[in-house]
Amino acid sequence: MTDPVFTLENGYVRYGGGHPDAVSGVTVRLHKGEILGLVGESGCGKSTTARAMLGLVPLNEGHLTLHGAPVGPNDKRLRASVQAIFQNPAASFNPKRSLLDSVAEPLRVRGIKDRRRRALEELDRVGVTEAMAGRRPYEVSGGQAQRAAIARATILRPEVLVCDEPVSALDVSIQAQILELLAELRTEQGLAMLFISHDLGVVASLCDRTAVMYAGKVVEQGAAPDIANRPRHPYSVALQDAVPSLDLADDHVPRVRTRAVTDDVDGRTLPGCRFSALCPFATDECATTPPPLDELSPRHEVACHHPFAPLHH
Amino acid sequence: MTLLSIRDLVVEFPTPAGVVRAVDHVSLELGFGERLGVVGESGSGKSVLARTAMGLTRKGPARISGEVVIDGRSILGLSERGRRALWGREVAMVFQDPLSALHPITPIGAQIAEAVRRDPSVKKEQAAKRAVELLEIVGIPQAARRAKSRAHELSGGMRQRVAIAMAVAGRPKLLFADEPTTALDVTVQARILDLFDELCREFGIGIVMVSHDLGVVGRHTDHVAVMYAGRIAERGPVKAVFARPSMRYTSALMAAIPSHRAERQTLPKPIPGSPPNLLAPPPGCRFAPRCAFATDRCGTEQPTLTELSGGHEYACWHPGQEAVR
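Definitions and limits used
Residues numbered from 1 in each chain as written. Chains lettered and ligands numbered in written order. Predicted model: local features only at pLDDT ≥ 70, side-chain atom pairs only at ≥ 80, totals over all residues. Axes fitted to C-alpha atoms, helices over the stretch in contact; angles between N-to-C directions. Helix = DSSP H or I, 4+ residues; strand = E, 2+ residues; numbered from the N terminus. Parallel < 35°, antiparallel > 145°, perpendicular 65-115°, else oblique. Left-handed = near helix turned anticlockwise from the far one by under 90°. Contact = placed C-beta atoms within 7 Å. Buried ≥ 20, exposed ≤ 12 C-beta atoms within 10 Å, placed from the backbone. Pairing = 2+ DSSP bridges. Expected span 1.5 Å × (residues − 1). pLDDT = per-residue confidence, 0-100.

Draft legend 1. Molecular detail of the packing of helix 6 (residues 142–154) of chain A against helix 7 (residues 172–189) of chain A. Residue and element names in this part refer to chain A. It is at 10 Å that the axes of helix 6 and helix 7 come closest, and there the two elements cross at 15°. For the element pair helix 6 / helix 7, the angle class is roughly parallel. Regarding helix 6 and helix 7, the two cross each other, and that crossing is right-handed. The segment helix 6 lies against helix 7, with Gly142, Gly143, Gln146, Arg147, Ile150 and Thr154 engaging Ile174, Gln177, Ile178, Leu181 and Leu185.

This is how it looks when you write it as structure tokens:
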């Protein structure tokens with residue numbers, strides 16, 4: 001295992017106003033040529049984690065490291081090495097400028113010459129033609145705009161790409177095109193990526209590793225196929241169970257039935273395990289003692305006092 | 001008995017740039033207590049089809065021809081008053097964003113009671129009691145207390161439950177649900193979809209569910225219609241269609257969906273290009289420009305629906321399950 005390129009170490013983010021931590025004690029390590037998927041439901045803190053790693057929200061505790069050395073949120077090295085793409089690409093562009101101008105902008109900021117040719121080259125590499133490049137963001141399809149956003153993010157050859165729900169707004173036929181492009185960037189440029197998505201299928205098919213977040217904490221982390229098929233945290237199991245599978249031969253009996261309580265229990269306010277109010281396997285220990293994220297098998301970590309074992313349930 | 005019958009429906013929107021034919025000669029049927037899924041990508045016409053079928057498309061801006069019959073009554077010729085009498089009583093609807101369907105400051109119990117009272121024989125106190133019952137049916141805990149809440153005090157999943165309670169308050173025979181779970185988390189989605197199944201089973205409500213999610217439709221409907229560029233690409237019993245997709249667009253769409261049970265990285269297969277511009281759709285098969293199996297015939301001659309087996313029909317000159325050559 002090589003050393004990580006970019007990490008968030010034990011990060012805490014508090015938005016204030018008496019609210020509990022949005023993110024509490026999250027560690028994310030990104031390696032060269034590897035895509036880490038970050039999954040979880042609305043409000044679990046996955047986007048806040050991404051924003052903290054981009055230096056867009058301040059960390060209350062914890063820090064970022066680049067090649068092992070601590071790096072501040074406003075450090076120039078962070079700007080040069082870590083780039084991002086988001087869910088709504090059209091909104092991330094200046095509506096009055098052409099895609100070409102926007103993609104060339106990072107070159108202008110750095111005082112690099114020959115900008116038009118280089119921007120066109122970069123756009124061509126991601127599949128945006130010269131004719132399309134002259135258009136404005138709202139004059140092209142969502143797929144074309146996301147391609148251009150990728151070109152703008154990669155034109156300065158960053159080492160890390162943070163992707164927050166980059167394919168969620170796209171139709172599946174177009175979504176698959178963008179996933180193919182991101183997979184190419186991983187292998188051809190060796191980019192380290194954080195890939196945030198609520199779609200477990202997208203994560204299972206693209207990512208090398210997957211981390212599952214619940215109520216501000218990482219509850220499980222491991223190789224993507226393991227998290228998809230052999231999850232050990234009861235929450236991860238419930239999450240996988242809830243996806244309606246297109247494989248109709250699969251009889252689809254839920255393995256974990258969460259306890260029926262109101263949707264609005266805030267796990268962050270619980271003293272023990274944050275999933276304990278919903279977990280069918282919760283014991284007194286779970287209600288009082290937060291479980292640490294422990295290595296259960298090589299490279300598979302779970303934060304649970306009673307990890308799910310398919311044979312015993 | 002047929003609950004919903006759509007015959008040869010055409011919906012066109014004249015625009016300054018030309019006429020957009022959003023729905024192009026579509027016919028569909030649904031029985032009482034059955035569930036129909038309408039799937040397709042953005043611009044396939046699935047929402048316009050559903051909205052027109054429940055009388056929501058206005059005739060001024062749109063040109064509509066064909067026939068829609070719900071429980072023996074023709075919908076398209078109804079007056080404004082006639083359509084209003086239909087909504088809530090015969091047909092009801094649930095949309096993607098429940099917040100826009102709910103009044104911001106009226107307590108949710110009062111809103112549901114109002115829907116119940118569209119039946120003039122129901123007294124005020126009865127309606128309030130029925131509202132609480134409906135909240136219980138859709139699985140809202142502590143319903144009597146929750147009835148006093150306002151929409152903004154509830155989570156997204158709870159709001160959608162309230163919208164469903166309101167929709168079924170008038171005991172409709174037919175429920176249109178347009179992307180009802182798209183804005184929800186998967187665990188919440190699973191509970192809402194189970195609720196639809198229950199409404200269908202216990203109250204015999206027919207459901208038309210419009211969705212871009214093939215998994216949702218595969219698991220929670222009986223019949224499916226796959227739409228592409230305003231036309232039916234394939235339709236039939238959902239298990240038959242997904243087990244043996246035949247129109248190449250259905251096959252390609254299924255291959256483009258990533259599997260959440262992937263054992264190793266297997267990227268879904270993209271469909272090249274993008275859907276046609278409906279101002280100038282390609283002649284012949286509308287999927288031909290993106291299809292790996294298209295021949296000259298596909299470029300000129302529109303394929304008609306052909307039956308494969310019991311009600312399973314596809315519109316394709318070169319049918320098959322493979323998406324790429």
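Draft legend 2. Focus on the pairing of strand 9 (residues 223–228) of chain B. Residue and element names in this part refer to chain B. Of all six residues in strand 9, six are buried; the element is thus mostly enclosed. Burial along strand 9 is two-sided: the face carrying His223, Ala225 and Met227 and the face carrying Val224, Val226 and Tyr228 are both buried. As defined by bridge partners, strand 3 (residues 35–39) adjoins strand 9 across four bridges and the pair is classed as parallel. Within strand 9, the position partnered with Gly37 by the bridge is Val224. As paired elements, strand 9 and strand 10 (residues 231–237) share six bridges and run antiparallel to each other. The partner of Tyr228 across the bridge, within strand 10, is Arg231. In this antiparallel pair of consecutive strands, strand 9 and strand 10, the connection spans two residues, and Ala229 shows a positive phi of 45°.

Draft legend 3. View of helix 7 (residues 156–168) of chain B. Residue and element names in this part refer to chain B. In this model, helix 7 (13 residues) spans 19 Å end to end at C-alpha, consistent with the 18 Å of a helix rising 1.5 Å per residue. The buried fraction of helix 7 amounts to 12 of the 13 residues, a majority that puts the element mostly inside the structure. Residues of helix 7 that are buried include every one of Gly157, Met158, Arg159, Gln160, Arg161, Val162, Ala163, Ile164, Ala165, Met166, Ala167 and Val168, and no others. Next to the buried residues of helix 7 lie strand 6 (91–94), helix 3 (98–101), helix 4 (108–116), helix 5 (124–137), strand 7 (174–178) and helix 8 (186–203).

Draft legend 4. Expanded view of the confidence of the model for chain B. All names here are of chain B. For chain B, per-residue confidence averages 93 on the pLDDT scale, and residues scoring 70 or more make up 100% of the total. Within chain B, no element has a lower average pLDDT than helix 3, which sits at 85, and none a higher one than strand 9, at 98. Across the interface, the model reports ipTM at 0.89; the global pTM reads 0.91.

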